[in-house]
Amino acid sequence: MQILIPCHRAKKTGAAANLGRVELLLPSPLVEIADERLGGVRLLLKRDDLIHPELPGNKWRKLKYNLEAAASQGHDTLLTFGGAYSNHIRATAAAGHRFGFGTVGVIRGEEHLPLNPVLAFAVSRGMRLEYVSRTAYRDKPVPPGRFYVLPEGGSNALAVRGCAELAAEITEPYDVLCCPVGTGGTLAGLALGLRAGARAMGFSVLKGGGFLRDEVARLQREHGGESSAWAVRTEFHFGGYARRTPELDAFVADFAARHGVRLDPVYTGKMLCGLYTMVRRGCFPPGTRIVAVITG
Ligand SMILES: Cc1ncc(COP(=O)(O)O)c(C=O)c1O
């Protein structure tokens, strides 16, 4: 599918005609996993990671309506926040480059040279990096200038709207829709787009992720919707954000060997390792149909 978003800079300068056009694999594929460890539970993967190499998964879902809003409000520069390894920083830089916006990334902590691959990619796509101390970062400072500001992780009401569309793409019947949770925007949207009778289940990748329940509810209210058919599991953080354990690493390697799907240990690996543990513990009755979103 080809997506067109009105592009501020292209209009102003008559820049390259293909700015603002991008080929996306939408609806993203839904594939069933055959795995004897699942017993009578059916597992399907919603392969959002295949939507686009630079705008995969929930990144595209969250950015879509924000890019439209930025363009319609006449902005030419996107500004957002993130850590030095942020997928969201990377995707914002890619989206800005493809859709003709300048981009500024406010990065938590000091500059380390050479740049890591995430920041090097962002710079290669034209992003200007502004480093702020960890203390100052807490207030999410916006440097002087006129920007369309995206929050950390890209989660706002328009991101929730984009994520709700994912659920609507699923034509197979399902009972549970799962995703990893970092800031809560993806889960907030999925839970609003559910088919009747289904529930959404988020797996916190953060230690002490209980606060995410308030965040998901807040994001839903901000979007103007509300749903109670969702839950956040907080026990599968594997030590905290970006932490790993031998169990998690073994699960990710084994999943790639069995199914040819490379999970990332920060998000989707934790979700599926947690989900398989729940299946093993008998948390889902036989016949339950689960869709797990591969968010990136
Ligand atoms: C691949 C991937 N999956 C899941 C998430 C978590 O999504 P959210 O921040 O909306 O909870 C992120 C972070 O945005 C991510 O990069």
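Everything in this summary refers to the structure shown in the same document.

Cut-offs applied
Residues numbered from 1 in each chain as written. Predicted model: local features only at pLDDT ≥ 70, side-chain atom pairs only at ≥ 80, totals over all residues. Heavy atoms only, no water. Pairing = 2+ DSSP bridges. Helix = DSSP H or I, 4+ residues; strand = E, 2+ residues; numbered from the N terminus. Contact = heavy atoms within 4.5 Å. Axes fitted to C-alpha atoms, helices over the stretch in contact; angles between N-to-C directions. Near = heavy atom within 4 Å. Polar contact = N/O pair within 3.5 Å; in protein donor to acceptor, adjacent residues only side chain to side chain. Areas by Shrake-Rupley, 256 points an atom, 1.4 Å probe, with all protein chains shown as cover. Nonpolar A, V, L, I, M, F, W, Y, C, P; charged D, E, K, R; others polar. Buried < 20%, exposed > 50% of the residue type's maximum accessible area, 1.4 Å probe, protein only. Expected span 1.5 Å × (residues − 1). Arc of directions from axis to C-beta.

### Remarks on the sheet that holds strand β7 (residues 127-132)
Consideration 1: On the basis of which strands lie adjacent, the open sheet formed by four strands has the order β7-β6-β5-β8 and parallel pairing. Of all strands in the sheet, those with a lone pairing partner are β7 and β8 (148-149), marking the two edges.
Consideration 2: When strand β5 (residues 77-82) meets strand β6 (residues 102-108), the two strands line up parallel, connected through six bridges. Counterpart to Thr80 in the pairing with β6 is Gly105.
Consideration 3: Lying on the sheet, helix α3 (residues 87-99) is in contact with β5, β6 and β7; it crosses β5 at an angle near 170°.

### Some points on the site of the ligand
Consideration 1: With respect to spatial proximity, 15 residues lie near the ligand, and among them Lys62, Gly182, Thr183, Thr186 and Thr295 are the closest.
Consideration 2: Asn58 has a polar side-chain atom sitting 3.1 Å from an oxygen atom of the ligand.
Consideration 3: Protein coverage of the free-state accessible area of the ligand, which is 380 Å², stands at 96%.
Consideration 4: Where the shell around the ligand is concerned, the elements lending two or more residues are α2 (58-72), β9 (176-181) and α7 (185-192).
Consideration 5: Counting residues per element, the shell around the ligand draws most heavily on α2, at three residues.
Consideration 6: When the residues that make up the shell around the ligand are grouped by side-chain class, the tally is three nonpolar, 10 polar and two charged.

### As for the side chain of Thr295
Consideration 1: Within the secondary structure, Thr295 is located in the segment after β12 (289-293).
Consideration 2: The exposure class of Thr295 is buried, given its relative accessible area of 8%.

### Brief notes about the environment of Ala91
Consideration 1: Within the secondary structure, Ala91 is located in helix α3.
Consideration 2: Once the C-alpha coordinates of Ala91 and Val216 are considered, the two residues, 125 residues apart in sequence, prove to be 22 Å apart.

### Observations concerning the environment of Ile89
Consideration 1: Within the secondary structure, Ile89 is located in helix α3.
Consideration 2: In this structure the C-alpha to C-alpha distance between Ile89 and Val41, which are 48 residues apart in sequence, comes to 36 Å.
Consideration 3: Discounting chain neighbours no more than four positions away, the residues touching Ile89 are Thr80, Phe81, Gly82, Gly83, Gly105, Ile107, Leu119, Ala122 and Met127.

### Quick notes on the sheet that holds strand β10 (residues 199-204)
Consideration 1: Sheet architecture is open: six strands sit in the order β3-β4-β12-β9-β10-β11, paired in mixed fashion. Each edge of the open sheet is held by one strand with a lone partner, namely β3 (30-33) and β11 (230-233). Between one strand and the next, the sheet's axes are offset by a mean angle of 25°, whatever the strand orientation.
Consideration 2: As judged from the three bridges shared by β9 and β12, these two strands associate in the parallel manner. Across the sheet, Leu177 pairs through a bridge with Val291, a residue of β12.

### Overview of helix α9 (residues 246-259)
Each full turn of the α-helix corresponds to 3.6 residues, which orients residues three or four apart in the same direction.
Consideration 1: With 14 residues, α9 extends 20 Å from end C-alpha to end C-alpha; this agrees with the ideal 20 Å at 1.5 Å per step.
Consideration 2: Along α9, the residues classified as buried are Leu248, Phe251, Val252, Phe255 and His259. Viewed along the axis of α9, the buried residues span an arc of 95°, placing them on a single side of the element. Among the exposed residues of α9, those pointing more than 90 degrees away from its buried face are Pro246 and Ala257.
Consideration 3: The secondary structure elements touched by the buried residues of α9 are β3, β4 (42-46) and α10 (268-280).
Consideration 4: After α9 finishes, the residue Gly260 shows a positive phi value of roughly 65°.

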